[in-house]
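Coordinate inspection notes
Residues per chain, in single letters:
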Amino acid sequence: MEVVRILGGMSIIQIDHLVKSYRVYQKKEGLREALRGLFHREYKTVEAVRDVSLKVEAGEFVAFLGPNGAGKTTTLKLLSGVIYPTSGSATVMGHIPWKRELQYRRRFALVMGQKNQLWWDLPAQESFRLHQQIYRIAPSDFSKTLDELASLLGVGSLLGRPVRELSLGERMKMELIAALLHNPEVLFLDEPTIGLDVVAQHNIQQFLKQYQEERKITVLLTSHYMKDVAALCKRVVVIAQGEVQYNGSLEGIVDSFSKDKIITLELGEGQTHEGLERFGKIEKILMPRVSIRCMRADVSKSLAQILDGYKVVDVAVEDLPLDEVIAKLFAHVSDPRLNASDTAS
Amino acid sequence: MSDSLKSSLAIRWYILKTSLAERMAYRGDFALGTLMRFLPIITQIFLWWAIFQSMNPANPNEAHINGYSFQDMVAYYLLTMVGRAFSSMPGLSSNVATKIRDGEIKKFLVQPVDLISFLFWSRVAHKIAYYTVATLPFALVFFLCRSYFSNGFPDLVTFGAFVASLLLSFALGFYLEACIGLVGFWMLEVSSLLFVYMLFQFFLSGHMFPLDILPQPWAAIVGYLPIKYLAYFPAAVFLGKITGVQLAIDMGMLVFWTVFFFGLSRLAYNAGLRRYSGYGG
């Protein structure tokens, strides 16, 4: 499944057999157990990241997909140096992240959709000024970059308003500006559109797309919104149970994990749908439209037979919706009892 | 001046400025909090009057507690208020612990800025904002209560030592409470620890009564503790209770404790980060 990439020299992000496990206290229910817990505690080792190896080239926009608790955020935390690994190695732009060298910190940015890095009661502009000092941004670069980012995101008029008075979408835009002021070469985005409405989501997607294309920065994104991923990323890495389950193009996921296609027919007048079930599972009937899910390998054969035996006005053959494939993939990788054929069916 | 020094000074200056701006954002709470601090003066004066009256009902002004007359006691109390205006750090420990628990500390791991230095300069800003507002009321109170200062204004050396002790008590108070907050790396909740500390600090810093009225061996034991420098020491210096060699020794000890807690906060922060990073983040 792993896409083998032929690399010249070192990749901008290089992860080799990264493992992160930690102990968590097993708290049991009830007062008696709570009292017992005062003296004797049972710990369980959680393997958040089991064995992740990955290479990302400069200028790539890569999405991390995976169910909750799969190890995506842990991987981003490792790469931004917030935590250090149990074993394995990683470099980002040649730096070992968890050494937390100031030089490294000035070259990347981490945006967490659920965390706020701006001063809550002050206008965003004040936080930006502080960032200018922290990241040692030259005054001319600072105002140029700020103007550019603010106009791209359409928040120029909001810079002077206290952050607490901004909407979630506006705040996220300010967070992005704060993260990009120092022109990071690598950007880690952890669910940047979480909780946003469709319009705000779309705005942020458009901004990220344009920004990344212009600056050619390297971006790693985690998101649960397939639309984000489809709009932004050419490469997708599916992580589940702390391991890379898939690494390749988004379309490739559908090929790899779904062996079905949907044939949608528009039947001619007077034509019934009787007998169509022998070609596959009937997904939806909304006369005169009928959708049949059938094996990819059988599509042409089935289609020929249908066109032969039925009066058909129009026909469309499509892949399964991406969300559905991903959901199935997640369900599969989260439950090891299922085998590969379950995913495919 | 080298560029890197210049830029690290600029960061501190901006932290200070931004924190000041933040203080101004909470001006209502801030003004009320500042003025409310003056209210306990009245109850304290009445309390000590009652105590001295019970000792010598005919002439309370003649009564003494271990060398302190009623006037001295009120003067002492007013001076500890000044000391505490420097050394008290409301919300610092809980703020640090909350940052650790809620993961806000990540910001300080990702961005090229140091948490303790950041908090220190924010706190300097808080204090500057506080003094700006509180200086006038303080001056008024001292003017109204000038008769309680029976020795008058101290000489220049004593006054210099008083100012130095106030500035150092700020740093000591900051690093001491920062250390308590950093315990949050090991304990989920530090409020009980903070409560115990506050309780000890309340009595043993000299905020409630001058520590030298304690009987031996308590006075000696308390004399070795760092928290006496948070309130008792500056006041005692101003009143001329500590002079000469003893003053030099105490100033030395104050510097020692400040450096000690500065070092301890650094060690705790580094060890805490190692634990935090190893544990899960």
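The structure presented is a predicted model; accordingly, all values stated were derived computationally and were not measured.

Rules used throughout
- Residues numbered from 1 in each chain as written.
- Chains lettered and ligands numbered in written order.
- Predicted model: local features only at pLDDT ≥ 70, side-chain atom pairs only at ≥ 80, totals over all residues.
- Helix = DSSP H or I, 4+ residues; strand = E, 2+ residues; numbered from the N terminus.
- Rg over C-alpha atoms; globule rule 2.2 N^0.38 Å.
- Buried ≥ 20, exposed ≤ 12 C-beta atoms within 10 Å, placed from the backbone.
- Contact = placed C-beta atoms within 7 Å.
- Nonpolar A, V, L, I, M, F, W, Y, C, P; charged D, E, K, R; others polar.
- Pairing = 2+ DSSP bridges.
- Axes fitted to C-alpha atoms, helices over the stretch in contact; angles between N-to-C directions.
- pLDDT = per-residue confidence, 0-100.
- Core = buried A, V, L, I, M, F, W, Y, C linked by C-beta atoms within 7 Å.
- Parallel < 35°, antiparallel > 145°, perpendicular 65-115°, else oblique.
- Left-handed = near helix turned anticlockwise from the far one by under 90°.
- Expected span 1.5 Å × (residues − 1).

Check the secondary structure of chain B and you find 12 helices and zero strands. Computed over C-alpha atoms, the radius of gyration of chain B comes to 21 Å, within 12% of the 19 Å expected from 2.2 N^0.38 for 281 residues, which places it in the range of a compact globule. Along the first, second and third principal axes, the C-alpha set of chain B runs to 70 × 40 × 35 Å. Counting across all 281 residues of chain B, residues that qualify as buried make up 34%. Within chain B, contacts between residues at least 6 apart in sequence are counted, and of these 78% link residues at least 24 apart.

Looking now at the overall build of chain A. Scanning chain A from terminus to terminus reveals 12 helices and 13 strands. Seen along its three principal axes, the alpha-carbon backbone of chain A occupies a region of about 75 × 55 × 50 Å. Partitioning the intrachain contacts of chain A with sequence separation of at least 6 by distance along the chain shows that 72% fall at a separation of at least 24.

Taken together, the contact between chain A and chain B spans 26 residues of the former and 23 residues of the latter. Contributing elements (two or more residues each) for the side of chain A that touches chain B: helix 3 (102–105) and helix 4 (124–134) of chain A. Ranked by residues supplied to the side of chain A that touches chain B, first place goes to helix 4 of chain A with five residues. The residue inventory of the side of chain A that touches chain B, partitioned by class, reads 13 nonpolar, four polar and nine charged.

What follows concerns the sheet that holds strand 10 (residues 260–267) of chain A. Residues and elements named next belong to chain A. Across the sheet, four strands lie side by side as 11-12-10-13; this open sheet has antiparallel pairing. Of all the strands in the sheet, just strand 11 (281–286) and strand 13 (312–319) have a single pairing partner and so form its edges. Neighbouring strand axes in the sheet, compared pairwise and without regard to direction, differ in orientation by 20 degrees on average. As paired elements, strand 11 and strand 12 (residues 289–295) share five bridges and run antiparallel to each other. What sits directly across from Ile-285, in strand 12, is Val-290. Contacting strand 10, strand 12 and strand 13, helix 10 (residues 299–309) runs over the sheet at an angle of about 15 degrees to strand 10.

What follows concerns the confidence of the model for chain A. All names here are of chain A. The predicted model of chain A has a mean per-residue pLDDT of 83, with 94% of residues at 70 or higher. When the elements of chain A are averaged for pLDDT, helix 12 (residues 340–344) gives the smallest value, 35, and strand 6 (residues 186–190) the largest, 93. Of the regions scoring below 50 in pLDDT, residues 1–8 engages in seven contacts with residues more than four places distant in sequence or in other chains. Under a pLDDT of 50 for its full length, residues 337–345 has, in the predicted model, seven contacts with residues more than four places off or in other chains.

One finds Ile-177 and Leu-187 of chain A together with Leu-172 of chain B to be the most contacted residues of the largest nonpolar core, which totals 141 residues. Per element, the largest residue contribution to this core is 13 residues, and it comes from helix 8 (residues 156–182) of chain B. Leave out the neighbours within four places in its chain, and Leu-172 of chain B touches Ser-87, Pro-226, Tyr-229, Leu-230, Leu-254, Trp-257, Thr-258 and Phe-261 of chain B. Ranked by size, the runner-up nonpolar core spans nine residues in total, among them Leu-267, Leu-276, Ile-292 and Ile-306 of chain A.

Bringing the pairing of strand 5 (residues 108–112) of chain A into the picture now. Among the five residues of strand 5 of chain A, five are classified as buried, and the element is accordingly described as predominantly covered. Going residue by residue along strand 5 of chain A, you find Phe-108, Leu-110 and Met-112 of chain A tucked away on one face and Ala-109 and Val-111 of chain A tucked away on the opposite face as well.

So, about the packing of helix 3 (residues 40–55) of chain B against helix 4 (residues 70–87) of chain B. Residues and elements named next belong to chain B. Interhelical geometry of helix 3 versus helix 4 gives an angle of 155 degrees and a closest axis separation of 10 Å. Classed by the angle they form, the pair helix 3 and helix 4 counts as roughly antiparallel. For the element pair helix 3 and helix 4, the recorded crossing hand is right-handed. For the pair helix 3 and helix 4, contact is made by Gln-44, Ile-45, Trp-48, Trp-49 and Phe-52 and by Phe-70, Met-73, Val-74 and Tyr-77, respectively. Taken together, the residues that form the contact of helix 3 with helix 4 break down as eight nonpolar, one polar and no charged.

Our next topic: unusual backbone geometry. Pro-288 of chain A follows Met-287 of chain A through a cis peptide bond whose omega is 10 degrees. Inspection of the secondary structure puts Pro-288 of chain A in the loop between strand 11 and strand 12. With an omega dihedral of 5 degrees, the bond running from Gln-216 of chain B to Pro-217 of chain B counts as a cis peptide bond. Relative to the helices and strands, Pro-217 of chain B is located in the loop between helix 9 (191–204) and helix 10 (218–224). Of note, Arg-136 of chain A is a non-glycine position whose phi angle comes to about 55 degrees, a positive value. With respect to the helices, strands and loops of the structure, Arg-136 of chain A is situated in the loop between helix 4 and helix 5 (139–153). In this structure Arg-136 of chain A comes out as partly exposed when scored by C-beta crowding, with 16 C-beta atoms within 10 Å. The phi dihedral of Asn-183 of chain A falls on the positive side, at around 50 degrees, and the residue is not glycine. Topologically, Asn-183 of chain A is positioned in the loop between helix 6 (168–180) and strand 6.

It is worth spelling out helix 6 of chain A at this point. All names here are of chain A. Along its 13 residues, helix 6 runs 18 Å from first to last C-alpha, staying within 8% of the 18 Å computed at 1.5 Å per residue. Turning to helix 6, its buried residues are Arg-171, Met-172, Lys-173, Met-174, Glu-175, Leu-176, Ile-177, Ala-178, Ala-179 and Leu-180. Lining the buried residues of helix 6 we find strand 5, helix 4, helix 5, strand 6 and helix 7 (198–215).

Let us now look at the packing of helix 4 of chain A against helix 6 of chain A. Two quantities define a packed helix pair, namely the angle between the helix axes and the distance between the axes. Residues and elements named next belong to chain A. Look at helix 4 against helix 6: their axes get within 9 Å of each other, and the N-to-C directions meet at 15 degrees. Between helix 4 and helix 6, the interaxial angle falls into the category roughly parallel. Judged by the twist between their axes, the crossing of helix 4 over helix 6 is right-handed. Between helix 4, through Ala-124, Ser-127, Phe-128 and His-131, and helix 6, the contact on the second element is made entirely by Met-174, Ile-177 and Ala-178. Class assignment for the residues of the contact of helix 4 with helix 6 results in five nonpolar, two polar and no charged.

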